[in-house]
Amino acid sequence: MAVRFKELGGSPVEQYGADGFSAWREFLVAWEDRDQFAAEVLGEAWGCGGGWGIGYPGKPAVRAVSVRFEPFEPDRPDQKPLADLARDLNSYSGSFAKARVEYRTLASARADDPKVPEGTYLTYRMRFSAEYVPLVARGWQWADNPTIPVPDDLQITLSVPITEHHVTWHRVVNPPWDAIRALQGKVNAGPFLGAAPGTLLLEGADADKQFQSGYDLAHPELFWRVHYVFRERAIKFGGQVYGWNYHFRERPAGWVALVQNGRPLYEAGDFSALFQFTATQG
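A quick note: this is a predicted structure, and the numbers were derived from the prediction, not measured. Going along each chain's sequence as written, the residues are numbered from 1 onward. Local features in this predicted model are restricted to residues whose pLDDT is 70 or higher, and side-chain atom pairs enter the listing and the counts only when it is 80 or higher, whereas totals over whole chains, interfaces and linings include all residues. Heavy atoms from the whole structure form the basis of all side-chain values; hydrogens and water molecules are not counted.

### Points about the overall build of the protein chain
Note the following rule: Only DSSP runs of H or I covering at least 4 residues are called helices, and only runs of E covering at least 2 are called strands; the numbering of each starts at the N terminus. C-alpha atoms define the radius of gyration, and 2.2 Å times the number of residues to the power 0.38 defines the globule rule. Type-normalised accessible area, obtained with a 1.4 Å probe on protein chains alone, sets the label of each residue: buried when under 20%, exposed when over 50%, and partly exposed for intermediate values. Note on areas: Shrake-Rupley with a 1.4 Å probe; residue coverage comes only from the protein chains shown. Charged-residue counts in this description rest on Lys and Arg as positive and Asp and Glu as negative, His and the chain ends being excluded. Charge coordinates come from a single atom per side chain, which is NZ of Lys, CZ of Arg, CG of Asp or CD of Glu.
Within the protein chain, the secondary structure is distributed over two helices and 18 strands. Here the C-alpha atoms of the protein chain give a radius of gyration of 28 Å, more than 25% beyond the 19 Å that 2.2 N^0.38 yields for 282 residues. Counting only residues that meet the buried cut, the protein chain has 36% of its 282 residues in that class. Carbon and sulfur atoms provide 52% of the accessible area of the protein chain, an area that totals close to 17,000 Å². Once the 29 positive and 34 negative side-chain charges of the protein chain are each reduced to a mean point, those two points are 3 Å apart.

As structure tokens, then:
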């Protein structure tokens, strides 16, 4: 690093938890070097579509995510009048700032996550729900004695497990707005997040604009956090897996895709486009 620093005693502090490894380190830097120190620790990300903070020694998946400064000698500010809150600020010329650097694990939780641009990363969460599909009694038989008729008013309900995949894309400079609009309501054309083609439905996306770091007011870091929700409907029947376009048919019995003029109920799309920057900033 170009900025001279000294790590303080009692640093680092390390923690292991459900969200992975995290740590805090404390340094002394010259008061005038605060902005440059933050830039070097967090990465100058605005010019290249994101960036990584500096890594934690021995743990390449752990990166610096924030820096906090405070005066090392708070009782020794420069002796100058402060007349304007919008322009005047205490300073500590010739003294030091204590920098507290926070590190967190930014590695993705899934081996089959989609590829994302360098400097961005994904987090993942999975939930479950269920769909209850009513079936007509005609065509079914009692396993112990097929000759006994099944009542037509017998209520048969199939519980189809639904897996919700929540994928959050962090530090996104130019979200793919057009791709989100085009793919919402479509199913996966190929394998995606481990799901077979046609079994994963994109429900939609939430997007939050974030101001990160703020150490250089001439180059503020403006990022988006995009959260996608995919619903996996995978019906296992007869050794096969059937997705969103399939419905149960009575005769001949089985799960068959419904079409209208050759078009399925749910169109298919390439979900990898959801994790690529657009050409211009959003």
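Back to the write-up after that little detour.
### Thoughts on the packing of aromatic side chains
As a reminder, the rule being used: Here is the rule: rings of Phe, Tyr and Trp (six-membered ring for Trp) pair when centre to centre is within 6.5 Å. Planes less than 30 degrees apart are stacked, more than 60 are edge-to-face, and the remainder are tilted.
One pass over the full model with this rule turns up 21 aromatic pairs. Both rings, one in Trp31 and one in Tyr92, keep their centres 4.8 Å apart while their planes meet at 65 degrees; by these two values the pair is edge-to-face. Of this pair, Trp31 sits in the loop between strand 3 (20-30) and helix 1 (34-42) while Tyr92 is found in the loop between strand 5 (59-71) and strand 6 (96-105), placing the two residues 61 residues apart along the sequence. Its relative accessible area of 10% is what places Trp31 among the buried residues. With a relative accessible area of 6%, Tyr92 lands in the buried category. Consider the rings of Phe37 and Phe69, whose centres lie 6.3 Å apart with planes at 70 degrees: the pair is edge-to-face. Of this pair, Phe37 sits in helix 1 while Phe69 is found in strand 5, placing the two residues 32 residues apart along the sequence. Assessed through its relative accessible area of 25%, Phe69 is described here as partly exposed. Counting every residue linked through ring pairs, the aromatic cluster contains Trp169, Phe192, Tyr228, Phe230, Phe271, Phe275 and Phe277.

### Points about the nonpolar core
Most often, soluble globular proteins have nonpolar side chains that are buried together. Basically, it comes down to this: We call a set of buried residues a nonpolar core when its members are Ala, Val, Leu, Ile, Met, Phe, Trp, Tyr or Cys and they connect through side-chain atoms within 4.5 Å of each other.
In terms of nonpolar packing, the biggest core is built from 20 residues, with Tyr228, Phe230, Phe271, Leu274 and Phe275 touching the most fellow members. Looking at this core, the elements that each hand over two or more residues are strand 7 (121-135), strand 8 (156-172), helix 2 (177-183), strand 10 (200-212) and strand 11 (221-233). The leading source of residues in this core is strand 11, at four residues. Grouped together as the second largest cluster of nonpolar side chains are 18 residues, Trp31, Val67, Val101 and Tyr103 included.

### Examining the layout of surface pockets
Put simply, the test is: A 1.4 Å probe that fits into a set of points on a 1 Å grid over the protein atoms alone but cannot get out defines a cavity; an open set with protein on both sides within 12 Å along at least five of seven lines defines a pocket, and lining residues are those with an atom within 4 Å of a point. Grid points are joined across faces, edges and corners, and a volume is the space filled by probe spheres set on the points. Three categories are distinguished: nonpolar for Ala, Val, Leu, Ile, Met, Phe, Trp, Tyr, Cys and Pro, charged for Asp, Glu, Lys and Arg, and polar for the others, with Gly belonging to the last.
Roughly 440 Å³ of volume is contained in the largest pocket. Taken together, 20 residues form the lining of the largest pocket, with Ala18, Asp19, Gly20, Thr105 and Thr123 sitting closest to its centre. Residue assignment for the lining of the largest pocket shows that the elements contributing at least two residues are strand 2 (13-17), strand 3, strand 6, strand 7 and strand 8. A breakdown of the residues in the lining of the largest pocket according to their chemical character gives eight nonpolar, nine polar and three charged.

### Some points on helix 1
Applied cut-off: Every residue pair with non-hydrogen atoms within 4.5 Å of one another is taken to be in contact.
Taken together, the buried positions of helix 1 are occupied by Phe37, Ala38, Ala39, Val41 and Leu42. On the buried face of helix 1, the contacting elements are strand 3, strand 5 and strand 6.

### Examining the side chain of Asn188
The following threshold applies: Any N or O atom pair separated by 3.5 Å or less is treated as a polar contact, with the protein-specific requirement of one donor-capable and one acceptor-capable atom, and with residues adjacent in sequence counted only for side-chain atom pairs.
On the secondary structure map, Asn188 appears in strand 9 (residues 187-188). Within the local environment of Asn188, its side chain forms a polar contact with the backbone oxygen of Ala195, the two atoms lying 3.5 Å apart. Within the local environment of Asn188, its side chain forms a polar contact with the backbone oxygen of Ala196, the two atoms lying 3.0 Å apart.

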